[in-house]
Amino acid sequence: MAASAPMPHGTGFPAEGRCGYYVEKKKRFCRMVVAAGKRFCGEHAGAAEDFFIQDINAGLKDETEIPEKLVPISFLSEEQMENLIKKLRKASEGLNSTLKDQIMSHPALHDALNDPKNGDSATKHLKQQASILGNIEKLKLLGPRRCFVEFGAGKGKLSHWVDIALKDAEKVHFILVEKVTTRFKVDGKHRKKNSVFERLQIDIQHLCLNKIPLLSKEKLPVVGIGKHLCGVATDLALRCLVETYAASCEERNEEPLAKRVKNDKTEKEINTLAKEGNEKNIPEKWTPVAGIVIALCCHHRCDWRHYVGKEYFRALGLGAVEFHYFQRMSSWATCGMQKTSLEASNISTKRKDKQNDGSEEHDDGGYRITDDSTESLPGFLNVEEKKKIGHLCKLLIDQGRINYLQQKGFNPALQYYTDPLVSLENVLLTALPNHSSSPETTA
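This structure is a prediction, so every number in the text was calculated from the model and none was measured.

Criteria and thresholds
- Residues numbered from 1 in each chain as written.
- Predicted model: local features only at pLDDT ≥ 70, side-chain atom pairs only at ≥ 80, totals over all residues.
- Heavy atoms only, no water.
- Helix = DSSP H or I, 4+ residues; strand = E, 2+ residues; numbered from the N terminus.
- Buried < 20%, exposed > 50% of the residue type's maximum accessible area, 1.4 Å probe, protein only.
- Contact = heavy atoms within 4.5 Å.
- Areas by Shrake-Rupley, 256 points an atom, 1.4 Å probe, with all protein chains shown as cover.
- Axes fitted to C-alpha atoms, helices over the stretch in contact; angles between N-to-C directions.
- Parallel < 35°, antiparallel > 145°, perpendicular 65-115°, else oblique.
- Left-handed = near helix turned anticlockwise from the far one by under 90°.
- Pairing = 2+ DSSP bridges.
- Salt bridge = Lys/Arg side-chain N within 4 Å of Asp/Glu carboxyl O.
- Core = buried A, V, L, I, M, F, W, Y, C linked by side-chain atoms within 4.5 Å.
- Phe/Tyr/Trp six-rings, centres within 6.5 Å; stacked < 30°, edge-to-face > 60°.
- Expected span 1.5 Å × (residues − 1).
- Polar contact = N/O pair within 3.5 Å; in protein donor to acceptor, adjacent residues only side chain to side chain.
- pLDDT = per-residue confidence, 0-100.

## Brief notes about the overall build of the chain
Point 1. Scanning the chain for helices and strands turns up 13 helices and 10 strands.
Point 2. Put simply, the chain has 443 residues, and 53% of those count as buried.
Point 3. Sequence-distant contacts, at least 24 apart, represent 75% of the contacts inside the chain between residues at least 6 apart.
Point 4. By element, 50% of the accessible surface of the chain is carried by carbon and sulfur atoms, the whole surface being about 21000 Å².

## Describing the packing of helix 2 (residues 78–91) against helix 13 (residues 383–407)
Point 1. Between helix 2 and helix 13, the shortest axis-to-axis distance is 10 Å and the interhelical angle comes to 50°. Here helix 2 is positioned oblique relative to helix 13, judged by the angle of their axes. Here the hand of the crossing between helix 2 and helix 13 comes out left-handed. Taken together, the residues of helix 13 that come into contact with helix 2 (itself represented by Ile85, Leu88, Arg89 and Ala91) are Ile389, Leu392, Cys393 and Leu396.

## Some words on the pairing of strand 8 (residues 289–297)
Point 1. Taken across its 9 residues, strand 8 has 9 buried, putting it largely inside the fold.
Point 2. Where strand 7 (residues 222–230) lies against strand 8, 7 bridges are found, and the strand directions are parallel. Within strand 8, the residue paired with Gly226 across the bridge is Ile294.

## Quick notes on the pattern of salt bridges
Point 1. Evaluated as defined, the whole model comprises 8 salt bridges.
Point 2. The structure contains a network of salt bridges with shared partners spanning Asp235, Asp398 and Arg401.

## Describing the sheet that holds strand 3 (residues 100–101)
Point 1. With mixed pairing, 8 strands are arranged side by side in an open sheet as 3-9-10-8-7-4-5-6. The two strands at the open ends of the sheet, each matched to only one other strand, are strand 3 and strand 6 (195–200).
Point 2. Here strand 3 runs beside strand 9 (residues 410–416); their pairing, made up of 2 bridges, is parallel. Bridge pairing in strand 9 links Asp101 to Tyr416.
Point 3. Strands strand 4 (146–151), strand 5 (172–177), strand 6 and strand 7 of the sheet are contacted by helix 5 (residues 157–166), whose axis makes an angle of about 170° with strand 5.
Point 4. In the packing of helix 13 onto the sheet, contacts are made with strand 8, strand 9 and strand 10 (427–433), and the angle to strand 9 comes to roughly 155°.

## Comments concerning the nonpolar core
What tends to happen in soluble globular proteins is that the nonpolar side chains get buried as a cluster.
Point 1. With 69 residues, the main nonpolar core has Phe151, Leu207, Phe313 and Met329 as its most contacted residues.
Point 2. With 10 residues, helix 7 (residues 231–251) is the largest single contributor of residues to this core.
Point 3. Once residues within four sequence positions are removed from consideration, Phe313 is found in contact with Trp304, Tyr307, Leu318, Gly319, Phe323, Phe326, Leu396 and Ile397.
Point 4. Formed by 30 residues, the second largest nonpolar core is a distinct cluster that contains Leu126, Ala290, Val293 and Ala295.

## Structural notes on the packing of aromatic side chains
Aromatic ring pairs are described here by two measures, namely the spacing of the ring centres and the angle between the planes.
Point 1. Counted according to the given criterion, the structure contains 9 aromatic pairs.
Point 2. Measuring from ring centre to ring centre gives 6.4 Å for Trp304 and Tyr307, while their planes differ by 35°; the resulting arrangement is tilted. Exposure class is identical for Trp304 and Tyr307. Each is buried.
Point 3. Members of the aromatic cluster, each reached through a chain of ring pairs, are Trp304, Tyr307, Phe313, Phe323 and Phe326.

## Notes on helix 13
Point 1. Counted at 1.5 Å a residue, the expected span for helix 13 with its 25 residues is 36 Å, and the 37 Å between its end C-alpha atoms agrees.
Point 2. Across the 25 residues that make up helix 13, a large majority, 18, are buried.
Point 3. Where helix 13 begins, the capping side chain belongs to Asn382, and its oxygen is found 3.1 Å from the backbone nitrogen of Glu384.
Point 4. Two residues or fewer after helix 13 comes Gly409, characterised by a positive phi angle close to 90°.

## Some thoughts on unusual backbone geometry
Point 1. Phi at Arg145 takes a positive value of approximately 55°, unusual for a residue other than glycine.
Point 2. Mapped onto the elements, Arg145 comes out in the loop between helix 4 (120–138) and strand 4.
Point 3. Of note, the phi angle at His228 is positive, near 55°, even though the residue is not glycine.
Point 4. Locating His228 in the fold gives a position in strand 7.

## So, the side chain of Gln415
Point 1. By secondary structure assignment, the location of Gln415 is in strand 9.
Point 2. In this structure the side chain of Gln415 is engaged in a polar contact, spanning 3.2 Å, whose partner is the side chain of Thr430.
Point 3. Beyond its immediate sequence surroundings of up to four residues, Gln415 is in contact with Leu99, Lys100, Gln102, Asn426, Val427, Leu428, Leu429 and Thr430.

## A few points about the confidence of the model for the chain
Point 1. Confidence along the chain averages 78 in pLDDT terms, with 70% of residues attaining 70 or more.
Point 2. The low-confidence segment residues 1–11 (pLDDT under 50) makes 37 contacts with residues lying over four places distant or belonging to another chain.

## Remarks on the environment of Ala333
Point 1. Here Ala333 lies in helix 11 (residues 332–335).
Point 2. Its relative accessible area of 4% is what places Ala333 among the buried residues.
Point 3. Residues Ala333 and His299, spaced 34 residues apart in sequence, show a C-alpha to C-alpha distance of 10.0 Å.

Right under this line is the structure:
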């Protein structure tokens, strides 16, 4: 949606082929027909400060690499499966398959975590949010004078807890990105004078952060966050942050109105440090993206075109075909024991219902049923072996993301941020610019 015409709750989407400008006075979208490839009619194209640029974060499209049709895993012969697994194991040699435990919490969620009214699902989500918040703080990203961009925001609960933890920190902005209409949003409840919430209904694939007035005017350092950002959305978000936004800001040599200061020093403290000659406590270089903290999810929903780690795969002698099968096999890590057709059907329906109401319930093992997970096991693999291979596929895909971030000037890491009993999707991707105090890099 256009920044100048934010979409109110419950308005849905514009009709196909019609203008995407929301007319506040009439409480509906403009009904004018738009030209092919356009989002706004002639009248509203100039009025809308548009942050939509078609496929800006999609990555290069190379149709020659992707075969027209790849057969399902269940159609592969035992020999073909063995060859794929050999390639996977060879490519994964040297990778640490056991990540560091970084399960944390935060006092901002203490009361909520100890609420006796909580059910199991609510408790699990609160534990994950508390750990993500704890990790954000550990990386010194939880402070004033910055903009938190939550990708795949859903109800906006992660931003909600960040805001609670920041208390009265000054000049804090939140941009919540979600492509579908979401019910029971919590961002509308915030009325603090020092924090501003803006919700964008847009696919990350087309999001240009540079065109958001709040960022172009304030030039606050951005912190990209997300809780269980599904497969392809993670790659789109990474490219949105470090290519589309950070690279263009640095090309223009932009200086922020408020620099990110280590340990969250106030402006008065900065001036005092400068007078005392303690320049080492003031960052030498400002970066548009101060950090990234994303809980990963659903590797089986990745896509070769959008994947940021293609260069890494190619260096290992792998390509689109191997990636396709590895991302499908990654679902083996979380599908658990085989379900009956009826169970799979019930869970699939339940998952659709959850997605339709904007719920964040897509990280539990019970919802991890996919087309491949209900296929029969290859004859030479038992359930435990299949799960190990699934984990290896996820690790290799994530390592491509690590490599990408390293190439873009970041120091990234992977860690376990919650217990698998809380969520089977329990890996957190973090990254800081190289000149910041950085986490250990996962090799």
